[in-house]
Amino acid sequence: MLVKVHDGAVRDVTFMEDTSSCTSLLISGGAGDCKIYVTDCDTGVPIKALSGHTGSILSLYTWGGAMFASGSHDKTIRFWDLRSGSFIHKISPIRPDGGTSPASAVCAVTVDKSGRLLCSGHESGDCMLYDVRASRVIQTFRPHSAEIRSADLSHHARYLITASYDKTVSLTDLQGEFAYEERCVCV
């Protein structure tokens, strides 16, 4: 089956289970119209086209049934709930130096299994840790010197792993008092 719903390059895809109908859904996002498409995997038919971002969708991450997050070239992260059919929260990350302009494009997003902690990886090499329930930035730091293309949290969110165009993988220990310089190892 070939799914053709985007009018630009597709940058990320992920699966989600539709708990109401017990079917698999394909979530896809990319360039062009800056929409996120939800497609029924059994039929290949698009179910929804979600709008909200003003730049290319660069990253998608699902968790907790109907919830997913998206990162975009528009420098925002949006939380989506498929039950509502629209985004329910928008984050405009801040720069690590505390500057007033927005951070760079959001190239990777991941959320821990509880849905409490989000980590974003940016075009600038910055990472942001965000408390989803409290709607606040915990910390920003720079583990890479180039764009972060992938990020993932370990099972209990003790470790964060990021991969970058700088040809490194960074493993960051988030346990206890987080101090970036002492807790991050590049491999």
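Preceding this paragraph is the structure being described.
Calculation rules
Residues numbered from 1 in each chain as written. Predicted model: local features only at pLDDT ≥ 70, side-chain atom pairs only at ≥ 80, totals over all residues. Heavy atoms only, no water. Salt bridge = Lys/Arg side-chain N within 4 Å of Asp/Glu carboxyl O. Buried < 20%, exposed > 50% of the residue type's maximum accessible area, 1.4 Å probe, protein only. Phe/Tyr/Trp six-rings, centres within 6.5 Å; stacked < 30°, edge-to-face > 60°. Helix = DSSP H or I, 4+ residues; strand = E, 2+ residues; numbered from the N terminus. Lys NZ or Arg CZ within 6 Å of the ring centre and 35° of its normal. Pairing = 2+ DSSP bridges. Axes fitted to C-alpha atoms, helices over the stretch in contact; angles between N-to-C directions. Core = buried A, V, L, I, M, F, W, Y, C linked by side-chain atoms within 4.5 Å. Contact = heavy atoms within 4.5 Å.

K.L.:
Help me out: how do you make sense of the pattern of salt bridges in this one?
P.N.:
Pairing is possible between side chains that carry opposite charge, provided their charged atoms lie close to one another. For the structure shown, the criterion picks out four salt bridges. Residue aspartate 81 is joined to arginine 83 by a salt bridge in which the shortest nitrogen-to-oxygen separation is 2.7 Å. On the basis of relative accessible area, aspartate 81 is assigned to the buried category, the value being 13%. Given a relative accessible area of 66%, arginine 83 falls into the exposed group.

K.L.:
Got a minute to help me understand the packing of aromatic side chains in this structure?
P.N.:
For any pair of aromatic rings, the description rests on two quantities: the centre-to-centre distance and the angle between the ring planes. Throughout the structure, instances matching the rule amount to three aromatic pairs. Aromatic pair tryptophan 63 and phenylalanine 79: ring centres 6.0 Å apart, planes at 85°, arrangement edge-to-face. With a gap of 16 residues between them, tryptophan 63 in strand β5 (residues 57–63) and phenylalanine 79 in strand β7 (residues 77–81) connect regions that are remote in the sequence. For tryptophan 63, a relative accessible area of 12% gives the class buried. Residue phenylalanine 79 is classed as buried on the basis of its relative accessible area of 3%. Measuring from centroid to centroid gives 5.9 Å for phenylalanine 68 and tryptophan 80, while their planes differ by 10°, and the two rings are stacked. Of this pair, phenylalanine 68 sits in strand β6 (residues 67–72) while tryptophan 80 sits in strand β7, placing them twelve residues apart in sequence. Here the two residues phenylalanine 68 and tryptophan 80 agree in accessibility, since each one is buried. Three or more aromatic residues joined by ring pairs form one cluster here, namely Phe68, Trp80 and Phe87. The residue whose ring lies beneath arginine 78 is phenylalanine 87, and the NZ or CZ to ring-centre distance is 4.3 Å.

K.L.:
Teacher, can you tell me more about the sheet that holds strand β9 (residues 106–111) here?
P.N.:
Two modes of strand pairing occur in sheets, parallel and antiparallel, and in both the strands are linked by backbone hydrogen bonds. Spatially, four strands are ordered β9-β10-β11-β12 in an open sheet, and the strand pairing comes out antiparallel. Here the strands that pair on one side only, and so sit at the sheet edges, are β9 and β12 (136–141). When the angles between neighbouring strand axes are averaged without regard to direction, this sheet yields 20°.

K.L.:
Sorry, what's going on with the sheet that holds strand β2 (residues 23–30) here?
P.N.:
Read from one edge of the open sheet, four strands run β1-β2-β3-β4, paired in antiparallel fashion. Two strands close off the open sheet at either side, each with one partner strand: β1 (10–18) and β4 (46–50). Going from strand to strand, the sheet's axes swing by 20° on average, the running direction of each strand aside. Where β1 meets β2, eight bridges bridge the pair, whose relative direction is antiparallel. Bridged to aspartate 12 within β2 is glycine 29.

K.L.:
Can you help me understand the nonpolar core in this one?
P.N.:
The tendency in soluble globular proteins is for nonpolar side chains to be buried side by side. Residues Trp63, Ile77, Phe79 and Leu118 are the most contacted members of the largest nonpolar core, which totals 13 residues. Among the elements of the structure, β5, β6, β7, β9 and β11 (127–131) are those that each provide at least two residues to this core. Ranked by the residues each element gives to this core, the list is headed by β9, at three residues. Once residues within four sequence positions are removed from consideration, phenylalanine 79 is found in contact with Trp63, Phe68, Ala69, Phe87, Ile88, His89, Ile91, Leu118, Tyr130 and Val132.

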